[in-house]
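# An overview of the molecular structure
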Amino acid sequence: MIRFKFLSILFVMALLYSCDDTTPGIGTSTIPEEDHILSDTASYEITTKSILVDSVYARTRTAYLGRYTDPVFGEFNADFMAQFTCTDNFEFPETMQNVNKLDLFVQYTGFYGDSLAAMKMQIDTLNRVIPEEAKSNFYTSIDPSKYYNKNASPIASVTYSAGGASVDTIFTSGTTKVYNQTVKLPLSLGKFMQDKYKENKNNYKDASQFIKNVLKGFYIHCASGDGSVIYIDNLVLQISFNYLIESSTGKVDSLVTGISRFAATKEVIQVNHFQNSSTLKDLANDNNSTYIKTPAGIVTEAILPMDKIELSHSKDTLNSASVSFTKYNSDDLNAKYPMGTPQYLLMIRKSDLYSFFENSKLPDSKTSFLTTLGTTAATKNQYTYSNIARLITHCLAEKKAGLKSNPNWVNDNPDWNKVVLVPVNVEYDSSSTNLQLLK
């Protein structure tokens, strides 16, 4: 959790004097004294407030599971629905005999809260395919009850703790510690998967056919407990079975065990569902501070003083404009599990908040900007955007063009001069950059 109070925004204006139409002296090495450039600076106050964001677009490979009650922000619940993929033209061995085990591996590299808090995970099968075409299905306000029968018995439930004895495997991937929780699923589901293969191999032709005809997915949620939220990186369904191979006698009569795995990957749907308590409404109405709480919850809105800039410097050229926001610690300094401070903070136009993530955009330094928490002694509690001049120029030009055709353009577009601050994760690889909502 980070708390903001007012800061200032500093604009540097360059006043330019142009030459006349004859442009004498082009190519010469002299500049007339009257054509020199003057510069000046001006400071403006900006207004901030907290706004509730009850749902965010979250098509991400990270799934969240658990419940945590924070003394400041109240209760937060996280659950998710996941589909599983299969390789194209998947095949079981022709001599497959029977399924002897079906497991779900829940693997994660991080969690928030008490590592020993007793939690109960419940798994239900989906009875409807989640339509991929509708982007609304990837918002954290999605209603899981539309996709599973909440009155039916779950296929599995297990008590676990994020870092306690229930973690059956802990291994490292490079320098990262990976926790694994194994959930035993009913053999009847494994037998059903086998029967669907025998019925028609095309049920396993590709991920789409597998989801449609074999397994529509799981709804995984917290049935009870409070104290931790795990960040799931991998979800793997493993089916173990017996099949026959050729023995030393030349006959196919030796029984061996094989496994096949079906993973929840980015090629299929994995959608998070978040719920926050009503406590956030009280925080959003706090007039002394503005807040940021993710994932989903509260973001800080800033109203940039565009009209004042335009009125005072209508004939000036805006060379640069910087703005800094100072972070204040939580009031609950004695919290056992204080919320972390985001390393990256995205500034984006309020009108673009949803489309930016829907379309997997990246900061363009025109209508969206990325910055990091300062590292020096003077800036360690500050997020500074070093130059948002292009944003100001863009917004003022947009307003000017809008007023030409619509005198009520400003009233019809009340967010034209507003930005929001959103914590994000930033991932880099050799070919691309990816922004995700902060855990």
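Quantities reported herein were computed from a predicted structural model and do not represent experimental measurements.

## Regarding the pattern of salt bridges
- As enumerated under the stated definition, the model contains 9 salt bridges in all.
- A salt bridge links Lys201 to Glu94; its shortest N-O distance comes to 2.5 Å. Here Glu94 lies in the loop between β6 (74–82) and β7 (96–113) and Lys201 lies in the loop between α1 (187–199) and α2 (207–213), a separation of 107 residues in the sequence.
- Under the relative-accessibility criterion, Lys201 is labelled partly exposed at 41%.
- Between Asp195 and Lys191 there is a salt bridge, with the nearest N and O atoms lying 2.9 Å from each other.

## Some thoughts on the pairing of strand β10 (residues 169–173)
- Bridge count between β10 and strand β11 (residues 176–184): 5 bridges; the pairing is antiparallel. Residue pairing across strands places Phe171 opposite Val178, the latter belonging to β11.
- Where β10 hands over to β11, the hairpin turn is made up of 2 residues, of which Gly174 adopts a positive phi near 70°.

## Side note on the environment of Met193
- Mapping Met193 onto the fold places it in helix α1.
- By relative accessible area, which is 0% here, Met193 ends up buried.
- Once the C-alpha coordinates of Met193 and Asn213 are considered, the two residues, 20 residues apart in sequence, prove to be 9.7 Å apart.

## Some points on the side chain of Thr85
- Along the chain, the position of Thr85 falls in the loop between β6 and β7.
- Those residues in contact with Thr85 that lie beyond four places of it in its chain are Ala207, Phe262, Ala263, Thr265 and Val268.

## Considering the pairing of strand β8 (residues 119–125)
- Counting buried positions along β8 yields 5 of 7 residues, so the element is predominantly enclosed.
- With 5 bridges connecting them, β8 and strand β9 (residues 156–160) associate as antiparallel partners. From the neighbouring strand, Lys120 faces β9, where its bridge partner is Thr159.
- Of the pairings in the sheet, the one linking β8 to strand β12 (residues 218–225) comprises 7 bridges and is antiparallel in character. Residue pairing across strands places Thr125 opposite Phe218, the latter belonging to β12.

Cut-offs applied
Residues numbered from 1 in each chain as written. Predicted model: local features only at pLDDT ≥ 70, side-chain atom pairs only at ≥ 80, totals over all residues. Heavy atoms only, no water. Salt bridge = Lys/Arg side-chain N within 4 Å of Asp/Glu carboxyl O. Helix = DSSP H or I, 4+ residues; strand = E, 2+ residues; numbered from the N terminus. Buried < 20%, exposed > 50% of the residue type's maximum accessible area, 1.4 Å probe, protein only. Pairing = 2+ DSSP bridges. Contact = heavy atoms within 4.5 Å.

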